[in-house]
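Given next are the chains, with one letter for each unit.
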Amino acid sequence: MHLMEMLRFRPVPGSAVYLGLTRRCPLTCRHCSTNSLISSEEHDAGLFLGFVDTFTAEDHPEIVLMSGGEALLRPRLVRDIARRASSVGTRSYVASGMFFARTGKIPRLIQEAIDEVDHFAASLDVFHEEEVPRSAVLKILRRLVDAGKDVSLQLVGMSDDDPYLAEATAEARDVLEDRVPMLVGLVGASGRAAEWMPDRRTLTHLPLSATADPCGVAAWPIVTFDGTVIACCNQAVVDQGRNAPAHLKLGHSATDTWQTIRSRSRASATLRAVRTIGPRMIAQDAGLSPPAEQCAACYALSAEDPQRKAVDLVERPGFAAMELGVQQILSSGGPVGYARRYGSARYADMVTLGYRPQEQPCAV
Ligand code: SF4
């Protein structure tokens, strides 16, 4: 599965699900958004396996994305989730900081896990490079891509103009002979980066009008480290777990099935309105003075007035057509549009590297 095939589903609510398999990580990158340490929390594998076992051949997410912390600290779990998902038609993805690349080898269990997933994504940035040399990461990726594996690089920089991004992407393109797509983003002020980075909007949006600013991140739920299921992958919300704002909490993997989670995500009036007109407009319509930052405005929507307003909005004639229209607009930019919207615009085209175009069904 090429990165392009995955990103094609990104605007479609309930088309995929993230699993945060562990907060543990052997690396201590200075920008780590999950504030991970080797001693961080890790919960029972059953929380994730049981949830994946609720996927059925008739009703399953298109993609399951495994991350951490460092997901490959649990290689058997990654392998088993990928197998079980595949048995009902769900494709799988795992992201890794590639701690094992320091040895120049892929340990057997990690190789088994990588073999089992449909896509392997490696992180590369100036902070990871303090822990794992770039040459070691590229050497392992080269080996994987030579063996026919679908892989990608996830890079982050401080800005579009960060010289690191220019230099690292050029070397990766050279070593990997333009066969590996790259999703390039900007460092956000969350986790350990919040200690040294000035706060700024980490989600940049292209407004559809002067006031509407749909959130495209609330489409894929995430099963967090303790099994709480959150509507979006905003790390600040994920970190709140059970204490997250009520409208962003979809349930728990120990008690809720995939079908229940997906239907809550799709049916919630607040989430539908957040995805269609954005949280600031809902808050404003409910008589609140919304903060300028989109996610900060979203946190306020758990109160009674905005909840009522969201129900009122989605019940209005024409809302469903507007909702579909927004999804079509978000989809029309395709994977490159997504990369441009939520990452570094300058490098957005790099998601296409190694992609062999073929007829793809429209995701919406
Ligand atoms: S606007 Fe709300 S749903 Fe969207 S990313 Fe921010 S917190 Fe999550």
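Everything that follows concerns the structure shown earlier in this document.
Computed from a prediction, not measured in an experiment: that's the story for all the values here.

Undergrad: Would you take a moment to explain the overall build of the chain for this structure?
TA: Tallying secondary structure elements over the chain gives 14 helices and nine strands in all. In terms of overall size, the chain behaves like a compact globule, its C-alpha atoms giving a radius of gyration of 20 Å where 364 residues would be expected to give roughly 21 Å. Counting the 364 residues in the chain, one finds 57% classified as buried. Here the analysis covers contacts within the chain between residues at least 6 apart in sequence; of these, 74% occur between residues at least 24 apart. Carbon and sulfur atoms make up 51% of the accessible area of the chain, which totals about 15000 Å². Where the 39 positive side-chain charges of the chain centre and where its 43 negative ones centre are 2 Å apart.

Undergrad: Explain the site of the ligand to me, please; I cannot follow it from the model alone.
TA: Near the ligand there are twelve residues, and of these Cys 215, Cys 232, Asn 234, Cys 295 and Cys 298 occur at the shortest range. Under a 2 Å grid-point criterion requiring more than half of the atoms, the pocket assigned to the ligand is the largest cavity. Ranked by residues supplied to the shell around the ligand, first place goes to helix H11 (residues 294–299) with three residues. Tallied by class, residues from the shell around the ligand come to eleven nonpolar, one polar and no charged.

Undergrad: What exactly am I supposed to notice about the pairing of strand S2 (residues 63–67) here?
TA: The two faces of the sheet receive side chains in turn, since in a regular strand these alternate between them. Counting buried residues along S2, four of its five residues qualify, which places the element largely inside the surrounding structure. Judged from the five bridges that link them, strand S1 (residues 16–20) and S2 form a sheet pairing that is parallel. When the sheet's bridge partners are listed, Gly 20 is paired in S2 with Ser 67. In terms of handedness, the path from S1 via helix H2 (residues 46–52) over to S2 forms a crossover that is right-handed. In this sheet, strand S3 (residues 91–96) lies alongside S2 in parallel orientation, the contact comprising four bridges.

Undergrad: Can you help me understand the layout of surface pockets in this one?
TA: Rolled over the atoms, a probe with the dimensions of a water molecule shows which regions are left empty. A volume near 280 Å³ is recorded for the second largest pocket. Residue lining of the second largest pocket: 16 residues in total, with His 2, Asp 150, Arg 179, Gly 354 and Arg 356 positioned closest to the centre.

Undergrad: Just checking my understanding: could you explain the pattern of salt bridges for this structure?
TA: Applying the stated criterion to the full structure yields 29 salt bridges. Ionic pairing is found between Asp 239 and Arg 23, a salt bridge with its closest N-O pair at 3.3 Å. Taken together, the residues span a long stretch of sequence, with Asp 239 in the loop between helix H7 (235–238) and strand S9 (249–252) and Arg 23 in the loop between S1 and H2 at a distance of 216 residues. Asp 239 sits in the partly exposed class, given a relative accessible area of 38%. On the accessibility criterion, Arg 23 (13% relative accessible area) is buried. Here Arg 173 and Asp 178 are joined by a salt bridge, their closest N and O atoms 2.7 Å apart. Judged by its relative accessible area of 32%, Asp 178 falls in the partly exposed class.

Undergrad: Before we go on, may I ask you to explain the environment of Ser 190 in this structure?
TA: If you trace the backbone, Ser 190 turns up in the loop between strand S6 (182–186) and strand S7 (222–223). Owing to a relative accessible area of 23%, Ser 190 belongs among the partly exposed residues under this scheme. Measuring from C-alpha to C-alpha, the distance between Ser 190 and Gln 235 comes to 7.1 Å, with 45 residues separating the pair along the chain. Residues contacting Ser 190, with those up to four places away along its chain left out, are His 31, Cys 32, Ser 33 and Gln 235.

Cut-offs and rules
Residues numbered from 1 in each chain as written. Predicted model: local features only at pLDDT ≥ 70, side-chain atom pairs only at ≥ 80, totals over all residues. Heavy atoms only, no water. Helix = DSSP H or I, 4+ residues; strand = E, 2+ residues; numbered from the N terminus. Rg over C-alpha atoms; globule rule 2.2 N^0.38 Å. Buried < 20%, exposed > 50% of the residue type's maximum accessible area, 1.4 Å probe, protein only. Contact = heavy atoms within 4.5 Å. Areas by Shrake-Rupley, 256 points an atom, 1.4 Å probe, with all protein chains shown as cover. Lys, Arg positive; Asp, Glu negative; His and termini not counted. Charge placed at Lys NZ, Arg CZ, Asp CG, Glu CD. Near = heavy atom within 4 Å. 1 Å grid on protein atoms, 1.4 Å probe; cavity = no way out; pocket = protein on both sides within 12 Å on 5 of 7 lines; lining within 4 Å. Sits in = over half its atoms within 2 Å of the grid points. Nonpolar A, V, L, I, M, F, W, Y, C, P; charged D, E, K, R; others polar. Pairing = 2+ DSSP bridges. Right-handed = clockwise from strand over helix to strand, strands pointing away. Points joined across faces, edges and corners; volume = space filled by probe spheres on them. Salt bridge = Lys/Arg side-chain N within 4 Å of Asp/Glu carboxyl O.

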